[in-house]
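As a plain string of letters, each chain reads:
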Amino acid sequence: MKKMEQLYEGKAKKVFATDDPNLVIVDYKDDATALNGKKRGTIVGKGAINNMMTNRLMKMLEKNGIPTHFVEEISQRETVVRKVQIVPLEVIVRNVAAGSLSKRLGIPEGTPMRKPVIEYCYKCDELDDPMVNEYHIAAMGWASDEQMAKIAEYALKIDSILIRYFKDINVDLIDFKLEFGVTGDGTLVLADEISPDTCRFWDATTHDKLDKDRFRRDMGGVEDAYLEMARRLQIEE
Ligand code: TMP
């Protein structure tokens, strides 16, 4: 597999072409942003941890029947993935009230909910990723009804698989964000990453935050939180 020209640079990852038109290489950076790019910094070691954690979880989800873009990890920071057209939605799944839901609805962080909540945000930096519903998505043609049915089904299945997986390392999965893509042959697959950048992880005993909220909220101990998640998942660096 030959790494060729850079196709795209995002906030946390670069994407490179390969000699296979159906595959790209994702290269994870240590750069961190929050407040939609208004707050910037570096989290040393984050790129490697997010790459390896994402790949571990994607492989496990594949075994459980969720199609993903994952192909092969080629270094601590780089992974070959299937080239996809990203569905322009952030798919957020919540188990416990936190973050923007707590703010919007006035419900204290940590409040349990009767069932998981799925939210959709339209991926658009200039508009700060506004929340939308299935009617907006269908009206604008961002995804078909059939794709949305699959996205919701996969999102809830991923939620129940991940809740169990993290419970084993004494971590509560509070909420997380997923992105989906469509491959050249039209298959809907899970894409992007699943990491402390995109999930809220709370220690199940102490409720300590083990995720990017420590960076977003200037709490300190950011690197240690990522390292602690890597340690519990036995991800070698
Ligand atoms: P929120 O409470 O800020 O809406 O975030 C919900 C979850 O989604 C949280 O685990 C962080 C994640 N998330 C992202 O990964 N990217 C984003 O742009 C946003 C807004 C949230």
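Everything numeric here is computed off the predicted structure, so don't read it as measured data.

**Q** Could you clarify how one ought to interpret the site of the ligand in this entry?
**A** Near the ligand lie 15 residues; those nearest to it are E90, R94, S100, D175 and R200. S100 is positioned such that a nitrogen or oxygen atom in its side chain is 2.6 Å from an oxygen atom of the ligand. Taking R200, its side chain carries an N or O atom lying 2.9 Å from an oxygen atom of the ligand. Taken by itself the ligand offers 450 Å² of open surface, and the protein chains cover 77% of this.

**Q** Help me understand the pattern of salt bridges in this model?
**A** Using the criterion set out here, one finds 26 salt bridges in the structure. The shortest N-O distance in the salt bridge between K29 and D31 comes to 3.6 Å. The salt bridge involving D218 is made with K39; its shortest N-O contact spans 2.5 Å. With D218 in the loop between helix 5 (213-216) and helix 6 (222-232) and K39 in strand 5 (residues 39-42), this residue pair connects regions lying 179 residues apart in the sequence. Assessed through its relative accessible area of 19%, K39 is described here as buried. One continuous salt-bridge network, built from bridges that share partners, spans R94, R104, E109, E119, D175, R200, D213, R216 and R217.

**Q** Can you walk me through the sheet that holds strand 7 (residues 78-82) in this structure?
**A** Whether parallel or antiparallel, the strands of a sheet pair through hydrogen bonds between backbone atoms. Taken in spatial order, the five strands line up as 1-2-3-7-6 in an open sheet, and their pairing is antiparallel. Strand pairing shows two members of the sheet lacking a second neighbour, strand 1 (3-9) and strand 6 (70-73), which therefore form its edges. Shown here is a sheet whose adjacent strand axes are inclined to one another by a mean of 30°, direction ignored. Here strand 1 pairs with strand 2 (residues 13-18) via four bridges, running antiparallel. Within the sheet, the bridge partner assigned to Y8 lies in strand 2 and is V15. Helix 1 (residues 46-63) contacts strand 3 (23-28), strand 6 and strand 7 of the sheet and is inclined by roughly 130° relative to strand 6.

**Q** Could you clarify how one ought to interpret helix 1 in this entry?
**A** Two residues of an α-helix separated by three or four positions point the same way, owing to the 3.6 residues in each turn. Across its 18 residues, helix 1 extends 26 Å between first and last C-alpha, which sits within 8% of the 26 Å expected from 1.5 Å per residue. With 14 of its 18 residues buried, helix 1 lies for the most part within the structure.

**Q** For this particular structure, what's the right way to read the side chain of D213?
**A** Structurally, D213 can be placed in helix 5. Overall, D213 belongs to the buried group, its relative accessible area being 1%. Among the polar contacts listed, one links the side chain of D213 to the side chain of R216, at a separation of 2.8 Å. Dropping the residues within four chain positions of it, D213 is found in contact with R200 and M219.

**Q** Is there a simple way to think about unusual backbone geometry in this case?
**A** Comment: phi is negative for the bulk of residues other than glycine, and the bulk of peptide bonds are trans. At H207, a residue that is not glycine, the phi angle is positive and equals roughly 65°. Counting through the fold element by element, H207 comes out in the loop between strand 14 (199-203) and helix 5. You can call H207 partly exposed: its relative accessible area is 48%. Phi angles above zero are rare outside glycine, and D218 is one such case at about 50°. Judged by relative accessible area, which is 61%, D218 ranks as exposed.

**Q** What should I look at first to understand the pairing of strand 13 (residues 188-191) in this one?
**A** Residues L188 and L190 line one face of strand 13 and the alternating positions V189 and A191 line the opposite face, and both faces are buried. Pairing between strand 12 (residues 171-183) and strand 13: four bridges, direction antiparallel. When the bridges of strand 13 are listed, G181 appears paired with V189. Count of turn residues in the strand 12/strand 13 antiparallel hairpin: four residues, of which G186 carries a positive phi of about 90°.

**Q** What am I meant to see in the packing of aromatic side chains here?
**A** When we look at a pair of aromatic rings, we describe it by the centre distance and by the angle of the planes. Overall, the coordinates contain four aromatic pairs when judged by the stated rule. Ring geometry for Y122 versus W142: centroids 3.9 Å apart, planes at 10°, classification stacked. Of this pair, Y122 sits in strand 10 (residues 112-122) while W142 is found in the loop between helix 3 (134-140) and helix 4 (145-167), placing the two residues 20 residues apart along the sequence. An angle of 90° between the planes, with centres 5.8 Å apart, marks the rings of Y165 and F166 as edge-to-face. A relative accessible area of 0% places F166 in the buried class. One residue, K3, lies across the ring of F16, its end atom 4.1 Å from the ring centre. Above the plane of the ring of F215 lies K39, whose end atom (NZ or CZ) is 4.9 Å from the centre.

What counts, and at which threshold
Residues numbered from 1 in each chain as written. Predicted model: local features only at pLDDT ≥ 70, side-chain atom pairs only at ≥ 80, totals over all residues. Heavy atoms only, no water. Near = heavy atom within 4 Å. Polar contact = N/O pair within 3.5 Å; in protein donor to acceptor, adjacent residues only side chain to side chain. Areas by Shrake-Rupley, 256 points an atom, 1.4 Å probe, with all protein chains shown as cover. Salt bridge = Lys/Arg side-chain N within 4 Å of Asp/Glu carboxyl O. Helix = DSSP H or I, 4+ residues; strand = E, 2+ residues; numbered from the N terminus. Buried < 20%, exposed > 50% of the residue type's maximum accessible area, 1.4 Å probe, protein only. Pairing = 2+ DSSP bridges. Axes fitted to C-alpha atoms, helices over the stretch in contact; angles between N-to-C directions. Contact = heavy atoms within 4.5 Å. Expected span 1.5 Å × (residues − 1). Phe/Tyr/Trp six-rings, centres within 6.5 Å; stacked < 30°, edge-to-face > 60°. Lys NZ or Arg CZ within 6 Å of the ring centre and 35° of its normal.

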